[in-house]
Amino acid sequence: MLVAQLSDPHINPQRPHKAEALRRAVRHLLELPRHPGAVLVTGDCTDNGTREEYAEFRALVQPLPVPVYIIPGNHDDRDVMLEEFGEQGTSSLPGFVQYVVEDGPLRLIALDTHVPGESGGMLDSPRLRWLSDRLEEAPRRPTLIFMHHPPVVAGLNVMDSIGLGGSEAFREVVARHGQVERIVAGHTHITMTGRFAGTLVMTCPGTDNALLPDLTQPEKLVVQLQPPLCLLHAWDDQTGFLTYTSIIAPSPRVTLHDGERWV
């Protein structure tokens with residue numbers, strides 16, 4: 001099973017380059033040698049959470065011939081998102097964009113970290129109780145949790161000041177469930193990988209570019225703009241869970257090994 005992850009498109013009619021970046025990302029997924037079975041967009045689908053922006057976002061991802069699963073980021077509007085897209089998956093938590101996707105060998109669990117009017121996120125008791133219940137339902141099924149705010153400290157003051165509240169309680173829940181193969185997030189526009197509660201956390205940058213932070217100036221947010229990329233999460237009974245990064249840019253396809261020898 002192959003699951004593609006895009007993040008933080010920030011669709012806004014006043015920023016047309018954002019729409020072009022998402023259009024390019026969708027085209028990139030369509031040109032992959034193997035199409036994903038599902039696409040995750042880990043929050044900040046829009047810049048202001050308006051119906052106009054969600055309509056444009058929907059039109060941009062419409063060419064994808066597979067299910068597109070979304071969650072709210074801090075720039076989204078949860079209520080408008082629920083009205084425009086309805087409930088996704090199954091076992092939804094009422095009033096939140098939290099749900100389970102049971103299709104395929106890899107179980108997907110969407111977490112809603114949105115706090116209206118705030119840039120930071122939160123996983124409070126109701127959301128964590130729901131997560132614990134869902135994990136207890138299928139203790140032997142490999143599981144991918146996707147969310148907007150990552151539960152790890154980035155070491156960058158600006159990003160950590162708008163991080164995830166409730167991360168320690170979240171850690172306790174995840175630590176009790178060894179089937180969680182990966183936690184993936186967005187929000188930072190930076191690609192990071194770190195250990196968390198016995199599993200790995202990975203973040204996906206925005207669809208317009210990836211940011212490489214200057215770690216010598218953690219009190220600021222000084223970055224180098226790099227090409228955008230998506231994450232490709234692959235589950236196979238033989239290999240287990242593997243994640244690949246794929247640069248969203250035109251690139252040649254070459255054969256390095258023909259199955260018998262190096263070319």
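In case you missed it, the structure is sitting above this.
These numbers were taken from a predicted model, which means no experiment stands behind them. (Residues numbered from 1 in each chain as written. Predicted model: local features only at pLDDT ≥ 70, side-chain atom pairs only at ≥ 80, totals over all residues. Heavy atoms only, no water.)

J.: I would appreciate a short explanation of the side chain of Q88 in the present structure.
T.: Here Q88 is to be found in the loop between α3 (78–85) and β4 (99–101). Taking relative accessible area as the criterion, Q88 reaches 11% and is therefore assigned buried. Within polar-contact distance, the side chain of Q88 engages the side chain of Y99 at 3.3 Å. (Helix = DSSP H or I, 4+ residues; strand = E, 2+ residues; numbered from the N terminus. Buried < 20%, exposed > 50% of the residue type's maximum accessible area, 1.4 Å probe, protein only. Polar contact = N/O pair within 3.5 Å; in protein donor to acceptor, adjacent residues only side chain to side chain.)

J.: Could you clarify how one ought to interpret the sheet that holds strand β5 (residues 107–110) in this entry?
T.: By way of backbone hydrogen bonds, the strands of a sheet pair with one another, either parallel or antiparallel. Spatially, β4-β5-β7-β9-β11-β10 is the arrangement adopted by the six strands of the open sheet, whose pairing is mixed. For this open sheet the edge positions go to β4 and β10 (193–196), each flanked by a neighbour on one side alone. Pairs of neighbouring strands in the sheet enclose a mean axial angle of 25°, with direction left out of account. Most of the contacts of helix α4 (residues 125–137) go to β5, to which it runs at about 175°, and overall it touches β4, β5, β7 (143–146) and β9 (180–185). Lying over the sheet, helix α6 (residues 167–175) contacts β9, β10 and β11 (199–203), oriented at roughly 70° with respect to β10. (Pairing = 2+ DSSP bridges. Axes fitted to C-alpha atoms, helices over the stretch in contact; angles between N-to-C directions. Contact = heavy atoms within 4.5 Å.)

J.: Please explain the environment of L106 as it appears in this structure.
T.: Note on placement: L106 falls in the loop between β4 and β5. Taking the relative accessible area as the measure of exposure, L106 reaches 0% and is therefore buried. Between the C-alpha atoms of L106 and L2, which are 104 residues apart in sequence, the distance is 9.1 Å.

J.: Quick question: what am I supposed to make of the packing of aromatic side chains here?
T.: Aromatic ring pairs are described here by two measures, namely the spacing of the ring centres and the angle between the planes. Inspection of every chain in the model, using the stated rule, returns five aromatic pairs. When the ring of F57 is compared with that of F85, the centres are 6.2 Å apart and the planes differ by 75°; the resulting orientation is edge-to-face. Here F85 lies in helix α3 and F57 lies in helix α2 (residues 51–61), a separation of 28 residues in the sequence. Look at F57 and you get buried, because its relative accessible area is 1%. Taken together, a centroid distance of 6.2 Å and an interplanar angle of 40° make the contact between Y69 and Y99 tilted. One end of the pair, Y69, is in strand β3 (residues 68–70); the other, Y99, is in strand β4, and 30 residues separate them in sequence. Residue Y69 is classed as buried on the basis of its relative accessible area, which comes to 10%. A relative accessible area of 2% places Y99 in the buried class. An aromatic cluster is present here, built from Y54, F57 and F85 joined pairwise through their rings. In this structure, R58 is placed above the aromatic ring of F85, and the distance from its NZ or CZ to the ring centre is 4.4 Å. (Phe/Tyr/Trp six-rings, centres within 6.5 Å; stacked < 30°, edge-to-face > 60°. Lys NZ or Arg CZ within 6 Å of the ring centre and 35° of its normal.)

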